[in-house]
Amino acid sequence: MINKKVALVTGASSGFGQLTAHLLAQEGYCVFGTSRKQHSASQGVEMLTLDVKSDESVQSCIKQLLAQTNRIDLLINNAGQIHASVIEETSLEQAKDIFETNFWGVVRLTNAVLPTMRQQRSGHVINMSSLAGLVGAVGQGFYSASKFALEGYSEALSVELDPFNIKVSLIEPGYFKTNFNHDMSQATSTYADYDTVREVLPSSISQVIAHGDNPEKVARMILRVAQSQSPRLRYRVGNQAWLPALRAILPDSLFRLSARKFLNLP
Ligand SMILES: NC(=O)c1ccc[n+]([C@@H]2O[C@H](COP(=O)([O-])OP(=O)(O)OC[C@H]3O[C@@H](n4cnc5c(N)ncnc54)[C@H](OP(=O)(O)O)[C@@H]3O)[C@@H](O)[C@H]2O)c1
């Protein structure tokens, strides 16, 4: 019988997920991380194979975890993927693929752990959102839409789970320097009207991530949220945390201009 708190962190092979998993292990949690590829345990984190897009993979991952621990206290839905393409040049298939990971992946994992958390009458689900879940992100329209969906889902879920003493929180980072820009899907169909935007968009998005904040800030915030006795629903983190407030007060035309300027779009 495990007497430590049990945490599962999806997407723990790099970036926020890896840093968070290591930090939780240092703080005495029993930590399981996931990746689509096989990894051996490192720094106190046991790695499980998981593709959040697959029902079978999610079922098998949670079954494996519960067979060892018989409980789960913390689920961190962190796995995510991005694209760098304007909405019109992004195929429906690409858009659905983004939602499969960023939204339905979270739903799959959460559904798989909730029966155990309800039985325990305790637990905490922390979902990795983004400032792009609060303000539409140019050139990342479907990524942004998937995070907006996650925001609404998490807010409703947090209220529904109140009677069972299960908490739900959202982490809303701005741009952070991780490997997130290494695997960005790009335009599949092209229209000449977007040629000049397409020429700069992937490198502009890649650059803002490459010059982003230190991801350890996010890991430390997640630890703080996980350890809080009364966690809030939303936590913004990073240098652009003021963005939603600015969005609310700037005139639309000015906001649109600055959104293009931020990514050097013509
Ligand atoms: N970096 C930023 O600026 C930023 C800002 C706001 C929000 N975020 C969010 O932060 C989260 C983590 O991103 P990161 O910046 O840390 O990027 P990262 O370093 O690229 O990490 C992404 C992780 O997601 C995993 N992953 C991707 N698709 C998966 C799938 N289908 N099934 C299981 N795991 C999958 C990857 O694991 P494998 O490839 O090993 O399977 C990897 O561990 C994402 O949800 C992202 O939306 C990032």
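Look up: the structure comes first, before these words.
Residues numbered from 1 in each chain as written. Predicted model: local features only at pLDDT ≥ 70, side-chain atom pairs only at ≥ 80, totals over all residues. Heavy atoms only, no water.

S.K.: Help me understand the overall build of the chain, please; the structure alone is not making it clear to me.
M.R.: Along the chain, the regular secondary structure elements total eight helices and nine strands. The C-alpha radius of gyration of the chain comes to 19 Å, within 12% of the 18 Å expected for a compact globule of 266 residues. Counting only C-alpha atoms, the chain reaches 60 × 40 × 30 Å along its principal axes. With 266 residues in all, the chain has 51% of them scored as buried. Look at the contacts in the chain between residues 6 or more apart in sequence, and 72% of them connect residues 24 or more apart. If you sum the accessible surface of the chain, you get close to 13,000 Å²; carbon and sulfur atoms cover 51% of it. Positive and negative side-chain charges in the chain, numbering 25 and 23 respectively, have mean positions lying 7 Å apart. (Helix = DSSP H or I, 4+ residues; strand = E, 2+ residues; numbered from the N terminus. Rg over C-alpha atoms; globule rule 2.2 N^0.38 Å. Buried < 20%, exposed > 50% of the residue type's maximum accessible area, 1.4 Å probe, protein only. Contact = heavy atoms within 4.5 Å. Areas by Shrake-Rupley, 256 points an atom, 1.4 Å probe, with all protein chains shown as cover. Lys, Arg positive; Asp, Glu negative; His and termini not counted. Charge placed at Lys NZ, Arg CZ, Asp CG, Glu CD.)

S.K.: For this particular structure, what's the right way to read the nonpolar core?
M.R.: Within soluble globular proteins, side chains that are nonpolar generally end up buried alongside one another. Of all hydrophobic cores here, the largest spans 31 residues; its most connected members are Leu 8, Leu 109 and Met 117. Of all the elements in the fold, those that place two or more residues in this core are strand E1 (6–9), strand E2 (30–35), helix H2 (55–69), helix H3 (92–120), helix H4 (141–160) and strand E7 (166–173). No other element matches H3, which puts eight residues into this core. When sequence neighbours within four positions are dropped, the list of residues in contact with Met 117 reads Ile 72, Asp 73, Leu 74, Leu 75, Ser 122, Gly 123, His 124, Val 125 and Ile 166. Counting 27 residues, the second-largest nonpolar core is a separate cluster that includes Val 9, Ile 76, Ile 126 and Ala 226. (Core = buried A, V, L, I, M, F, W, Y, C linked by side-chain atoms within 4.5 Å.)

S.K.: What am I meant to see in the site of the ligand here?
M.R.: With respect to spatial proximity, 29 residues lie near the ligand, and among them Ser 13, Ser 14, Ser 35, Tyr 143 and Thr 178 are the closest. The backbone of Asn 78 places a nitrogen or oxygen atom 2.7 Å from an oxygen atom of the ligand. At 3.4 Å from an oxygen atom of the ligand is found a main-chain nitrogen or oxygen belonging to Asn 179. Isolated, the ligand exposes 890 Å² of accessible area, and the fraction of that covered by the protein chains is 94%. For the shell around the ligand, the secondary structure elements donating two or more residues are helix H1 (15–26) and H4. (Near = heavy atom within 4 Å. Polar contact = N/O pair within 3.5 Å; in protein donor to acceptor, adjacent residues only side chain to side chain.)

S.K.: Explanation requested: empty space enclosed by the protein in the structure shown.
M.R.: With a probe scaled to a water molecule rolled over the atoms, the places where space remains empty come into view. Using the criterion set out here, one finds two cavities of 30 Å³ or more in the structure. In this model, the largest cavity occupies a volume close to 40 Å³. Lining of the largest cavity is provided by Ala 84, Ser 85, Val 86, Glu 89, Ala 187, Tyr 194, Val 197, Arg 198, Leu 201 and Pro 202. Here the residues of the lining of the largest cavity sort into seven nonpolar, one polar and two charged. (1 Å grid on protein atoms, 1.4 Å probe; cavity = no way out; pocket = protein on both sides within 12 Å on 5 of 7 lines; lining within 4 Å. Points joined across faces, edges and corners; volume = space filled by probe spheres on them. Nonpolar A, V, L, I, M, F, W, Y, C, P; charged D, E, K, R; others polar.)

Note that all results are geometric; they support no functional claim without further evidence.
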